[in-house]
Amino acid sequence: MTTEAPDTLSDTVRLHTQDGVVVLTIDNPPVNGLGNTVRAGLFRGLEYAIAEPQVRAVVIAGAGSMFCGGADIRQFNTPAAAELPLSRDVQALIRHANKPVVAAIHGAALGGGLELALACHFRVASAQASLGLPEVQLGLVPGGGGTQRLPRLIGARAALEMIVQGRPVDAAKACALGLVDAVAQGQLLAFATAFALEQAAAEGSLPDLHGRMPALDEVDFAAVRAGLDPRARNHKAQKAAVDCVEMACQHELAHGLDLECEVFLKLVAGPESHALRHLFFAERQAPKFEARIPADTPAIASVAVLGAGTMGGGIAMAFANAGLPVTLVERDQAALDRGLSLVRRNYGVTVEKGKLSPAEVEARLARIRSSLRLEDVAEADLVIEAVFEDMAVKQELFGRLDTLCKPGAILASNTSRLDIDRIASATGRPEDVIGLHFFSPANVMRLLEVVRGERTSDAVIARCMAMAQAIGKIPVLVGVCEGFVGNRMLTGYWREAWFMLEEGARPEQIDAAMKRFGMAMGPLAMADLAGLDINWATRQRLLATWPPGLRYPRVADRICEAGRLGQKTGAGYYRYDNGSRLPQPDPQAMAIIEAAGAEAGFTRRAFTDEEIVERCVLALVNEGARILDDGIARRASDIDVVYVHGYGFPAWRGGPMHYAGTLGLEAVLARLRALEAAHGAQWTPAPLIQRLVADGQAGF
Ligand code: NAD
């Protein structure tokens, strides 16, 4: 009996028959995600192909640029994820098919996409394909059989490497591992169809992983667990992934699949995976900026950096690393030599670590041209100023750039806190002036605050957002205010650390509590690293407009007045012996802290970790809410990206604004009110938080 091929399988899966082979094509842009309609389409197509005697084999392929990018992450924790058929129903149908089912992989087969391919009898791939199970990056384990089938196919050791690191392999490696059966010669679909017909004609039964059990003794699982980094953003998921692969070596496949599913469901409902998925979307949304760039605008092809200090050298490296020529300009030879030798030293470390070859370093260094003449920036498409943090110096320089630079050049400042509009006013082309706030070390840190001035043109913003992504940064668009997003929030965070010092906490106690919360560094060790003088100068600048009645952190001034400016002077909140970077508790610092506390009228008292964390983190949240209200950040998730990528906030907590949502804004507001009653006006709840709570919103 011949059944009619269904006209449509679903909106997202197409069927056509060729030489007796049914080809099911997933067409669900942008990444052919395995959402509910894709699962339903594949199920119907497979049912038809299995029932139809004329059909000899099935090929599953992807339309567009890839095979399948995995489960539809947006459907996690939604009713659509539970809609039938589930991935495991599709997989069971393939297993019991009486004809070969072949996955034809081009582009990427990731996560659920690779799990679908693993459930097929065979896999063929184009030479450029990449295959991986990146679920751990989202705080998950593969939940559709990946941890159970992959070890059965390629062995436990190789599977662990792919699953725990979440890194994909290319087609050649996949073939060597036995993950794909053949790499396509010529056109993939024709190759896959011929391959499927060959398998249909072959004697013997179809491969079935249910009969296989990977060797348990191939891997020392305890050693793998012990080798995981407990500070990794996805530590919990990595540990669970090791457990799952071990289970694959201990249980029948059917039972292993159930166990894996349990682990997945627990992780997907947990706060860490929620936070990591939030960040995944936040990082992709932050760079988006829709603006029409005039058609004749050239791409940024050359860059000039002014100042070869801490920041300038790193910024020059960031562009040279991305293949762009850079002119690095200093005001005198000694400073230039110092800057260039630091650049060379940084590259040297990369070579020592085996991350770059000496030849590649030479190629990168050759892209950095140094100069003492400002006139040499005249032809650059983008000029980034990274000289001293001083308005008069910057204005004078921008005035000169205005006369020197070619029309259409972007004039950017790397200022940490100064007013971009005042800098722009020194030029006759404020529409071309923008802030590009890199983070230290600029060649490593991925965050870039793109500061839009009042008159910066949309086209200049769009070009900078695109440029940032082209050099591997995550750009976040922010507005002009004291400290933009990141440093403005840092002010409140440090303020609370200083106040707690005055009230009775010790530096190492505050830092340890914040590290236990998950921060990469404690606030006071971070202040010592950054240098205390910059902040001291900022406080002095702000003192003239300090609101009456608002508490002032005198301990921060007293430490600086003692000549303790952080690591660079060997002492700050800690001491640093003989150039060491390791903070040591220092009785001399404690004496200054205690005197400043007494001067402020405090009798020292004990602090708990909870109180320290609450005061530091809620200070971030409250200021973040004001920043949102002021329109300085476009969205709460942008603030999270800034804090995770620029300030070491734990990714598995999703950033301060996401974290506030996990506490619940009503609870946050209640705590802010209590802190205001106990400590004063710096804790007045942000109006946005009050409005959101009144509207019944739990998060930002
Ligand atoms: P730095 O003191 O290390 O370097 C500044 C360099 O600029 C010096 O080498 C100096 O010789 C040079 N310079 C001064 N005037 C010049 C001129 N007219 N032409 C050419 N070169 C000139 O300072 P830095 O830490 O690199 O900071 C530079 C800028 O970046 C500041 O605006 C700072 O606020 C900002 N920033 C610093 C950091 C950080 O962590 N250090 C982070 C982000 C932004």
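Sequence order sets the numbering: in each chain, residues are counted from 1 along the sequence as written. Totals for whole chains, interfaces and linings use all residues, but because this is a predicted model, local features are given only for residues with pLDDT of at least 70 and pairs of side-chain atoms are given and counted only at 80 or more. To obtain the side-chain values, all non-hydrogen atoms of the structure were included, while hydrogens and water were left out.

Moving on: the site of the ligand. In the vicinity of the ligand, 20 residues are found, and the nearest of them are Met-311, Glu-330, Glu-389, Lys-394 and Ser-416. Whenever a nitrogen or oxygen atom comes within 3.5 Å of another N or O atom, the pair is scored as a polar contact, on the condition that within protein one atom can donate a hydrogen and the other can accept it, and that pairs from neighbouring residues in sequence are kept only if both atoms are in side chains. Contact between the ligand and Met-311: an oxygen atom at 2.8 Å from a main-chain N or O atom of the residue. Contact between the ligand and Asn-414: an oxygen atom at 2.9 Å from a side-chain N or O atom of the residue. Relative to its unbound accessible surface of 830 Å², the ligand loses 80% to contact with the protein. Secondary structure elements follow DSSP: runs of H or I no shorter than four residues count as helices, runs of E no shorter than two count as strands, and numbering proceeds from the N terminus. Mapped onto the shell around the ligand, the elements with two or more residues apiece are α12 (310-321), α15 (391-404) and β15 (433-438). In this count, Pro and Cys sit with the nonpolar residues alongside Ala, Val, Leu, Ile, Met, Phe, Trp and Tyr, while Asp, Glu, Lys and Arg are called charged and the others, Gly among them, polar. Of the residues assigned to the shell around the ligand, the class counts are eight nonpolar, eight polar and four charged. Throughout, near means a residue has at least one heavy atom within 4 Å of the molecule or strand. To measure how exposed things are, a 1.4 Å probe is used in the Shrake-Rupley method; for residues, cover is taken only from the protein chains shown.

Okay, the sheet that holds strand β3 (residues 57-62) next. Here six strands make up an open sheet; going across it, the order is β1-β2-β3-β4-β6-β9 and the pairing mixed. Where the open sheet ends on each side, the last strands, each with one partner, are β1 (13-18) and β9 (182-183). Here a strand pair is declared whenever DSSP counts at least two bridges between the two strands. For strand β6 (residues 122-125) and β9, the ladder comprises two bridges, and the chain directions are parallel. The residue bridging Ala-125 from the neighbouring strand is Val-183, located in β9. Contacts: residue pairs with any heavy atoms within 4.5 Å of one another. Interaxial angles span 0 to 180 degrees and are taken between N-to-C directions of axes, which are lines fitted to C-alpha atoms, for helices over the stretch in contact. With respect to the sheet, helix α7 (residues 188-201) is in contact with β1, β2 (21-26), β3, β4 (101-105), β6 and β9, its orientation differing from that of β6 by roughly 155 degrees.

Before going further, it helps to examine the pairing of β6. Of the two faces of β6, the one holding Phe-122 and Val-124 and the one holding Arg-123 and Ala-125 are both buried throughout. Two strands pair when backbone bridges link them, and β4 and β6 are joined in this way by four bridges, in the parallel orientation. Along β6, the bridge assignment pairs Ala-104 with Val-124. We call a residue buried when its accessible area falls under 20% of the maximum for its residue type, exposed when it is over 50%, and partly exposed in between, using a 1.4 Å probe and counting protein chains only.

Next up on the list: the packing of aromatic side chains. Classification of ring pairs uses Phe, Tyr and Trp, with its six-membered ring standing for Trp, and accepts pairs whose centres are within 6.5 Å; under 30 degrees between planes counts as stacked, over 60 as edge-to-face, and the remaining range as tilted. All told, the structure shown has 10 aromatic pairs when counted by the stated rule. Centre to centre, the rings of Phe-122 and Phe-195 are 5.6 Å apart; their planes meet at 75 degrees, and the pair counts as edge-to-face. Of this pair, Phe-122 sits in strand β6 while Phe-195 sits in helix α7, and the two are 73 residues apart along the sequence. Judged on exposure class, the residue Phe-122 and its partner Phe-195 are both buried. Ring centres of Trp-546 and Tyr-552 lie 5.0 Å apart, and the angle between their planes is 75 degrees; on these two criteria the pair is classed as edge-to-face. Among the aromatic residues, those joined into a ring-pair cluster are Phe-439, Tyr-643 and Tyr-647. The ring of Trp-498 has Arg-539 lying over it, and the distance from NZ or CZ to the ring centre is 5.0 Å. Working rule: Lys NZ or Arg CZ, within 6 Å of ring centre, within 35 degrees of ring normal, means a charge sits over the ring.

Looking now at the UniProt feature "domain: 3-hydroxyacyl-CoA dehydrogenase NAD binding" (unreviewed entry) in the chain. UniProt tags residues 302-479 as "domain: 3-hydroxyacyl-CoA dehydrogenase NAD binding" (unreviewed entry). The span residues 302-479 shows a helical share of 41% and a strand share of 21%, and its end C-alpha atoms are spaced 26 Å apart. UniProt positions are given in the numbering used here, feature names are shortened, and annotations may be inferred rather than shown by experiment.

On to the pattern of salt bridges. The salt bridge definition used is simple: a Lys or Arg side-chain nitrogen within 4 Å of an Asp or Glu carboxyl oxygen. Evaluation of the coordinates by the stated rule reveals 36 salt bridges. Ionic pairing is found between Arg-364 and Glu-360, a salt bridge with its closest N-O pair at 2.8 Å. In this pair, Arg-364 and Glu-360 are both assigned in helix α14 (residues 358-366), four residues apart and thus about one turn of the helix distant. Note that Arg-605 and Glu-503 form a salt bridge whose closest N and O atoms lie 3.4 Å from each other.

Domain segmentation is taken from an automatic or database assignment of domains. We note that the domain assignment places domain 1 (13-268), domain 2 (303-478) and domain 3 (486-694) within the chain. The C-alpha centroid of domain 3 is placed 29 Å from the C-alpha centroid of domain 2. Across the contact, 13 residues belong to domain 2 and 14 residues belong to domain 3. When two components associate, each loses some accessible surface as probed by a 1.4 Å sphere; the sum of these losses over both components is called the buried area. For domain 2, the biggest contributors to the area lost against domain 3 are Arg-417, Leu-447 and Leu-477; these three give 43% of the whole. For the pair domain 2 and domain 3, the number of links is zero salt bridges.

Direction vectors running N to C along helix α19 (residues 507-517) and helix α24 (residues 609-629) enclose 80 degrees, while the axes themselves pass 9 Å from each other. In terms of orientation, α19 and α24 fall into the roughly perpendicular class. Contacts from Gln-509, Ile-510, Ala-513, Met-514, Arg-516 and Phe-517 of α19 reach α24 at Asp-609, Ile-612, Val-613, Cys-616 and Val-617. Per-class residue counts for the contact of α19 with α24 are eight nonpolar, one polar and two charged. When describing relative orientation, an angle under 35 degrees is termed roughly parallel and one over 145 degrees roughly antiparallel, while 65 to 115 degrees is termed roughly perpendicular and anything else oblique.

The next subject is unusual backbone geometry. Note that the residue after Leu-84, namely Pro-85, is joined by a cis bond; omega there is -5 degrees. Tracing the backbone shows Pro-85 in the loop between β3 and α2 (87-95). Each neighbour pair has its own omega, and for Ser-440 with Pro-441 the value is -5 degrees, a cis peptide bond. Topologically, Pro-441 is positioned in the loop between β15 and β16 (447-452). One non-glycine residue, Asp-19, adopts positive backbone phi at about 55 degrees. For Asn-32, which is not glycine, the phi torsion reads 55 degrees and is therefore positive. Exposure remark for Asn-32: the relative accessible area of 2% places this residue in the buried category.

With that out of the way, let us pick up the nonpolar core. Here the nonpolar core consists of buried residues drawn from Ala, Val, Leu, Ile, Met, Phe, Trp, Tyr and Cys, with membership extended through side-chain atoms lying within 4.5 Å. With 100 residues, the main nonpolar core has Val-377, Val-383, Leu-401, Val-485, Met-514, Tyr-573 and Phe-649 as its most contacted residues. It is α24 that contributes the most residues to this core, 11 residues altogether. Two domains each provide a minimum of three residues to this core, namely domain 2 (303-478) and domain 3 (486-694). Leu-9, Leu-34, Phe-76 and Ala-103 belong to the second largest nonpolar core, which has 71 residues in total.

UniProt records the feature "domain: 3-hydroxyacyl-CoA dehydrogenase C-terminal" (unreviewed entry) at residues 483-576 and 612-699, using the numbering of this structure. Secondary structure content for residues 612-699 is 69% helix and 0% strand, and the end C-alpha separation is 22 Å.

Backbone-to-backbone hydrogen bonds join strands into a sheet, with any given pair of strands oriented parallel or antiparallel. An order of β12-β11-β10-β13-β14-β15-β16-β17 is seen for the eight strands of this open sheet, with the pairing classed as mixed. Both outer strands of the open sheet, β12 (368-371) and β17 (474-479), are each paired with one neighbouring strand and no more. Here the average twist between neighbouring strands, direction ignored, is 25 degrees. Contacting β10 (303-306), β11 (326-329), β12, β13 (382-385) and β15, α12 runs over the sheet at an angle of about 170 degrees to β11. Strands β16 and β17 of the sheet are contacted by helix α25 (residues 636-647), whose axis makes an angle of about 125 degrees with β17.

Cysteine sulfur atoms that come within 2.5 Å of each other are treated as a disulfide pair. Applying the stated rule across the entire model yields zero disulfides. Looking at the unpaired Cys-175, the closest cysteine sulfur is the one in Cys-120, lying at 16 Å. Judged by its relative accessible area of 31%, Cys-175 falls in the partly exposed class. Here Cys-616 stays free of any disulfide, with the sulfur of Cys-560 as its closest cysteine sulfur at 18 Å.

In this model, α12 (12 residues) spans 17 Å end to end at C-alpha, consistent with the 16 Å of a helix rising 1.5 Å per residue. For α12, the buried fraction is high: 10 of the 12 residues fall into the buried class. Within the sequence span of α12, burial applies to Met-311, Gly-312, Gly-313, Gly-314, Ile-315, Ala-316, Met-317, Ala-318, Phe-319 and Ala-320. Count one or two residues on from α12 and you reach Gly-323, which has phi positive near 95 degrees. In this scheme, a helix's expected span is set at 1.5 Å multiplied by one less than its residue total.

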